[in-house]
Amino acid sequence: MSTASVQKPTATAVAPSTSTNHSNTAPAPLPKGGDYKKKQRKREVVVKNDPESFRDALLELIPEDSTADQYAAVLETSADKLDYKRYADTFFEFLIVGGIVAPGGGVADDGARLNPFSIFACEDAVAPVRQRVDMINKLIRRYKYLQRKLEETLAHLLQYANKFTPENSHKLAITVGLCVSNTLVPLAVVSTLLKEHLVKDGSALSFITAVFKTYLLDQPLDQLTTLLGRVGLVDDKLLEFFPQGKRSDEAFLKHFEVSGLKALNDYFNKRKGDVVKARVSEEMKELIAAGKTQEQISAWAKTEMKTNSWTEAETLLFLWDTIVSSTEWSTKSDNFETQLVKTLNMYPKLLEGFCNSPKTEISLLQRVQTLCYQDARFIKHFRTIVTTFYKHDIVSEAAVIYWFEKGGALAQGKAVFLKQMEPFVEWLKAQEDDSDEDE
């Protein structure tokens, strides 16, 4: 068998390419006689962060004999020249503390003079601090990008609340209160105070107390409580600002009473009361679901009234609210009144047992009026509820007439409910006249 020979391919001559290979071609020399500089690539340009130079440049624009108006004018017109956006944290430290804040909370001591118009340089009172906060407010309205940096700077400064002098720490608290009031920063910024070293020595509690007092100079308590709820500073969370050994309801109430914030105590007590009532309400719903008798539920309610120091009126209104909320009301209007009367007839002895004074009777009528006004399902049935109460001796004719004629009715839906009740009140008066004639 013959073996086929394999030949290697012969080399073929390749013509040189006429295209220019730029990677191997040296750049053409620059013409002689010119003053040329090598241009740096953009990605290689690094701008050094130099807060000291920023501060010094700002100080140069504020001579020592400047007035507050001149100072404000410099601040408003120097944003682009000094690059506020890049140095916003240094800028706010300059406005609040008076210089650059060094690690540990002190002001950097490098020989530079301090800002004579800073918040720390002013008197420890609301009016002068407000004047400076107003300047900050105007700057943020003009330069929106500064707002976020203000929040970050305040959060940074708050961690040094115990390092500043008591006067400066108080001025910082006033600043935070005014900034929150003017919606420049959220109330959540005070959460920075929940650091162990600030809570332990009482700095956190003193600071937040001053913040609350300042805020309430301009805003109502319900607005403050709304903000507290929004950032989760409610119930036991607010007690975390107190040193470990003072985290009790008694210590809370005593502190804010002494601090002149009794309104905050009222809010705290209401919150605590709402939590208790929510728990007890669930217990009552379980009793109803278990088919307990009116007498059993009444005995349980009296125990809760004593335990929680509730008045008879508070207990009655609690029972009424729970009965309403525990019922699955029909969505069909034709069946609603029938279900309503049936439900009311299930608990007459329970309600009657806690309705033993004219004042309590009026409170119940007003509570029913509020329900009927706020819940459209009940609005046409106010008279039905009241007449059923009257039938079971839960409310007297004197209470109904007083509610109707002598200012017992609330403003909410008053005209509607008075019109509903007019025929019943006329019937009550007729019954009263008949009784007088019989005598």
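A brief look at the structure comes next. Just so it is clear, the model here is predicted, and its values are computed rather than measured.

**A closer look at unusual backbone geometry**
Phi angles above zero are rare outside glycine, and Asp83 is one such case at about 65 degrees. Checked against the element boundaries, Asp83 lands in the loop between helix 3 (79-82) and helix 4 (88-96). In this structure Asp83 comes out as partly exposed when scored by relative accessible area, which is 32%. Positioned with a positive phi, Ser309 is a non-glycine residue whose angle comes to about 55 degrees. Along the chain, the position of Ser309 falls in the loop between helix 14 (294-307) and helix 15 (312-326).

**Brief notes about the packing of aromatic side chains**
On inspection of all chains with the given rule, the structure shows 24 aromatic pairs. Centroid distance Tyr143 to Tyr145: 6.0 Å. Interplanar angle 45 degrees. Geometry classified as tilted. Residue class for Tyr145 comes out partly exposed when judged on its relative accessible area of 31%. Between Tyr390 and Trp427 the ring centres are 6.4 Å apart and the planes differ by 90 degrees, which places this aromatic pair in the edge-to-face class. Remark: Trp427 occurs in helix 21 (residues 414-438) and Tyr390 occurs in helix 19 (residues 382-391); sequence separation between them is 37 residues.

**Observations concerning the packing of helix 13 (residues 262-289) against helix 15**
Relative orientation of the contacting elements helix 13 and helix 15 amounts to 60 degrees, with a least axis distance of 10 Å. With respect to helix 15, the axis of helix 13 lies oblique. In the packing of helix 13 onto helix 15, the handedness of the crossing is right-handed. The segment helix 13 lies against helix 15, with Lys277, Val280, Ser281, Met284, Lys285 and Ile288 engaging Phe318, Leu319, Thr322, Ile323, Ser325 and Ser326.

**Description of the nonpolar core**
Soluble, globular proteins show a tendency: their nonpolar side chains are buried together. Ranked by internal contacts, the top residues of the largest apolar core, which has 77 residues, are Leu150, Val190, Leu193 and Leu228. Ranked by size, the runner-up nonpolar core spans 45 residues in total, among them Tyr347, Cys355, Leu364 and Ile394.

Conventions used here
- Residues numbered from 1 in each chain as written.
- Predicted model: local features only at pLDDT ≥ 70, side-chain atom pairs only at ≥ 80, totals over all residues.
- Heavy atoms only, no water.
- Helix = DSSP H or I, 4+ residues; strand = E, 2+ residues; numbered from the N terminus.
- Buried < 20%, exposed > 50% of the residue type's maximum accessible area, 1.4 Å probe, protein only.
- Phe/Tyr/Trp six-rings, centres within 6.5 Å; stacked < 30°, edge-to-face > 60°.
- Axes fitted to C-alpha atoms, helices over the stretch in contact; angles between N-to-C directions.
- Parallel < 35°, antiparallel > 145°, perpendicular 65-115°, else oblique.
- Left-handed = near helix turned anticlockwise from the far one by under 90°.
- Contact = heavy atoms within 4.5 Å.
- Core = buried A, V, L, I, M, F, W, Y, C linked by side-chain atoms within 4.5 Å.

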